[in-house]
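Structural features, examined
Take a look at the letters that make up each chain.
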Amino acid sequence: FFSPLLRIPSEQGRHKAFSMCLPHLAVVSLFISTATFAYLKSPSISSQSLNLVVALLYSVVPPPVNPLIYSMRNQELK
């Protein structure tokens, strides 16, 4: 995944590419990790509050974060 980014010749270009990709990777990894945790967790550690936190992280956090990332990038590009 990172090999095309590492082949960018200028350091400034690599920095710009990484700064664009890393926030998106963070959101995707949050989404996937909470879904994986919810699917693979043991029934013995089932509690209502844990289920609520996982559900919130899985369904509520990623959608508003993506537009936030795009708006920050648009301001930086201007």
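Residues numbered from 1 in each chain as written. Predicted model: local features only at pLDDT ≥ 70, side-chain atom pairs only at ≥ 80, totals over all residues. Heavy atoms only, no water.

Under the annotation held in an unreviewed UniProt entry, the protein carries the name Olfactory receptor 14J1 and is attributed to Phoenicopterus ruber ruber. Under Subcellular location (unreviewed entry), UniProt gives the following word-for-word description of the protein: "Cell membrane". (UniProt positions renumbered as here; feature names shortened; annotations may be inferred.)

To continue, consider the packing of helix H2 (residues 11–40) against helix H3 (residues 48–59). With their axes 8 Å apart at the nearest point, H2 and H3 run at an angle of 150 degrees to one another. With respect to H3, the axis of H2 lies roughly antiparallel. When you trace H2 past H3, the crossing you get is left-handed. Every residue of H3 that contacts H2 at Leu30, Phe31, Thr34, Ala35, Phe37 and Ala38 is listed here: Leu50, Val54, Leu57 and Tyr58. When its residues are assigned to classes, the contact of H2 with H3 shows nine nonpolar, one polar and no charged. (Axes fitted to C-alpha atoms, helices over the stretch in contact; angles between N-to-C directions. Helix = DSSP H or I, 4+ residues; strand = E, 2+ residues; numbered from the N terminus. Parallel < 35°, antiparallel > 145°, perpendicular 65-115°, else oblique. Left-handed = near helix turned anticlockwise from the far one by under 90°. Contact = heavy atoms within 4.5 Å. Nonpolar A, V, L, I, M, F, W, Y, C, P; charged D, E, K, R; others polar.)

It is worth spelling out the environment of Leu6 at this point. Within the fold, Leu6 resides in helix H1 (residues 3–6). Sequence separation between Leu6 and Ala17 is 11 residues, and the spatial gap between their C-alpha atoms is 9.4 Å. When near neighbours in sequence (up to four residues on either side) are disregarded, Leu6 contacts Arg14 and Phe18.

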